[in-house]
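# Results of the structural survey
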Amino acid sequence: MLDYTCFEGILFPANLVPKETLQNVCNKFVVKEDDLIILTYPKSGTNWLIEIVCLIQTKGDPKWIQSVPIWDRSPWIETGKGYDQLIKMEGPRLMTSHLPMHLFSKSLFSSKAKVIYLIRNPRDALVSRYFFIRKLNIVKKPDSLGTYIEWFLKGNVAYGSWFEHIRGWLSMRECDNFLVLYYEDMKKDTMGTIKKICDFLGKKLEPNELNSVLKYSSFQFMKENNMSNYSLMEKELILTGFTLMRKGTIEDWKNHFTVAQAEAFDKVFQKKMAGFPPGMFPWE
Ligand code: A3P
């Protein structure tokens, strides 16, 4: 079913994210103090971050990441299946979400639950998603990258506008229980990011354990790990050539945008992100 659900004016993939679950997340779900929540806009490196967090939790032991599918280790709260898993799960729970802030459970805002918010250059998240959805039977496919850029800039894509997502969640950036990370920094200094996450979670790992986290969360290891590379996805959802682990680089958008598309994107970016301090985003 190549269809969208529209909830509060935002599009969601109908077969993965039912309206009823969105209502439940918004109004019923109770965040617990010992929850750890991974938040991202789609294609920002979500699964990489989940893999790192799982490995930190096991002190670099790869048994868990090699035996349990990534979506069962950190269920997506807005998916029907993930929601059902999470409400039955004993704590401390690890969970993932792509929801914009205003649709997330209000109980988060009075809780000490830890949140990691990962951001990626929207141009790269766009290109990543463009190639991803072309090989998936989940949502309507654009006829070209140009069309997809138009949809993206208007927020007419699943999970809505990147700009609103970032603006919303970044309003929590001064909170002690909220860690902001950037995909670009993770690429440039992965070990530094792993240590930052350990500090945030209050985990002390030995140097050999940190090295193990680094090794098993690498692009190559994740690509070969069937529990993390999405090869276990339902067969009817994927087309030949589908892969989560496409390139794993920064600035791939430069290989795909025309000069005019890049200029149009910049214009919208400057307008929508006005007011953030200079140097806020590592790619600018
Ligand atoms: P590309 O399509 O640009 O390669 P998400 O997990 O949010 O769906 O994001 C997927 C993107 O993260 C893909 O980007 C994928 O290659 C990249 N990615 C996943 N694991 C990675 C890793 N270990 N190192 C670097 N990038 C990774």
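Since the structure is predicted, the reported quantities are computational estimates derived from the model, not experimental observations. Every chain begins its residue count from 1, and numbering advances along the sequence as written. Local features in this predicted model are restricted to residues of pLDDT 70 or higher, and side-chain atom pairs are both shown and tallied only at a pLDDT of 80 or more, whereas totals for entire chains, interfaces and linings draw on every residue. Only hydrogens and water are removed before side-chain values are computed, so all heavy atoms of the structure are retained for them.

### Let's talk about the overall build of the protein
- Strands are runs of DSSP state E lasting at least 2 residues, helices are runs of H or I lasting at least 4, and numbering of each runs from the N terminus. Summing up its helical and strand segments, the protein has 13 helices and six strands in all.
- In terms of C-alpha radius of gyration, the protein reaches 18 Å, essentially the compact-globule figure of 19 Å for 284 residues.
- Along the longest, intermediate and shortest principal axes, the C-alpha atoms of the protein span 50 × 45 × 40 Å.
- With a 1.4 Å probe rolled over the protein chains alone, any residue whose accessible area is under 20% of its type maximum counts as buried; one over 50% counts as exposed, and the rest are partly exposed. The buried share among the 284 residues of the protein stands at 57%.
- Where accessible areas are quoted, they stem from the Shrake-Rupley method and a 1.4 Å probe; at the residue level, only the protein chains shown are allowed to cover. When the accessible surface of the protein is summed, it comes to about 13,100 Å², and 53% of that surface belongs to carbon and sulfur atoms.
- Positive charges are assigned to Lys and Arg, negative charges to Asp and Glu, while His and the chain termini are left out of the count. Each charge is placed at NZ for Lys, CZ for Arg, CG for Asp and CD for Glu. Separation between the mean location of the 38 positive side-chain charges and that of the 32 negative ones in the protein comes to 2 Å. The globule rule is 2.2 Å times the number of residues to the power 0.38, and the radius of gyration it is compared with is taken over C-alpha atoms.

### Structural notes on the nonpolar core
- Among buried residues, the Ala, Val, Leu, Ile, Met, Phe, Trp, Tyr and Cys ones that are joined through side-chain atoms within 4.5 Å form a nonpolar core. Ranked by internal contacts, the top residues of the largest apolar core, which has 100 residues, are Trp162, Ile197 and Phe281.
- Ranked by the residues each element gives to this core, the list is headed by helix α2 (residues 46-57), at eight residues.
- Only heavy atoms enter the contact rule, under which two residues are in contact if any of them lie within 4.5 Å. Apart from residues no more than four positions distant in its own chain, phenylalanine 281 is found in contact with Ile166, Leu170, Tyr182, Phe269, Met273 and Phe276.

### A look at the site of the ligand
- The local shell around the ligand holds 18 residues, among which Thr46, Asn47, Ser128, Lys247 and Gly248 are the closest.
- In the analysis that follows, any N or O atom pair within 3.5 Å is treated as a polar contact, provided that within protein one partner can donate a hydrogen and the other can accept it, and provided that, for residues neighboring in sequence, both atoms belong to side chains. Separating an oxygen atom of the ligand from a side-chain N or O atom of threonine 46 is a distance of 2.4 Å.
- Contact between the ligand and glycine 248: an oxygen atom at 2.7 Å from a main-chain N or O atom of the residue.
- Within the complex, the protein chains bury 97% of what would otherwise be the 570 Å² of accessible surface of the ligand.
- Put simply, the parts of the chain that give the shell around the ligand at least two residues each are α2 and α12 (219-224).
- For the shell around the ligand, the element with the highest residue contribution is α2, accounting for three residues.
- Class assignment of the residues belonging to the shell around the ligand gives a composition of six nonpolar, eight polar and four charged. One heavy atom suffices: a residue is near a molecule or strand as soon as one of its heavy atoms comes within 4 Å of it. Any residue that is not Ala, Val, Leu, Ile, Met, Phe, Trp, Tyr, Cys, Pro, Asp, Glu, Lys or Arg is counted as polar, Gly included; the first ten are nonpolar and the last four charged.

### Examining helix α10 (residues 190-201)
- Every helix has an expected span of 1.5 Å times one less than the residues it contains. Spanning 12 residues, α10 covers 17 Å between terminal C-alpha atoms, matching the ideal 16 Å at 1.5 Å per step.
- Turning to α10, its buried residues are Thr190, Met191, Thr193, Ile194, Ile197, Cys198, Phe200 and Leu201.
- Taken from the residues just after α10, glycine 202 is the one with a positive phi, measuring 70 degrees.

### Considerations on the packing of aromatic side chains
- Any two rings among Phe, Tyr and Trp, with Trp reduced to its six-membered ring, count as a pair given centres within 6.5 Å; such a pair is stacked if its planes are under 30 degrees apart, edge-to-face if over 60, and tilted if neither. Enumeration over the complete set of coordinates arrives at 30 aromatic pairs.
- Between tryptophan 71 and tyrosine 230 the ring centres are 5.2 Å apart and the planes differ by 85 degrees, which places this aromatic pair in the edge-to-face class. Taken together, the positions of tryptophan 71 in helix α4 (residues 70-73) and tyrosine 230 in the loop between α12 and α13 (259-272) put the pair 159 residues apart, joining distant regions of the chain. Each of the two residues, tryptophan 71 as well as tyrosine 230, counts as buried.
- With a centroid separation of 6.2 Å and an interplanar angle of 65 degrees, the aromatic rings of tryptophan 162 and tryptophan 283 are classed as edge-to-face. Of this pair, tryptophan 162 sits in helix α8 (residues 162-170) while tryptophan 283 is found in the segment after α13, placing the two residues 121 residues apart along the sequence.
- Residue tryptophan 162 is classed as buried on the basis of its relative accessible area, which comes to 0%.

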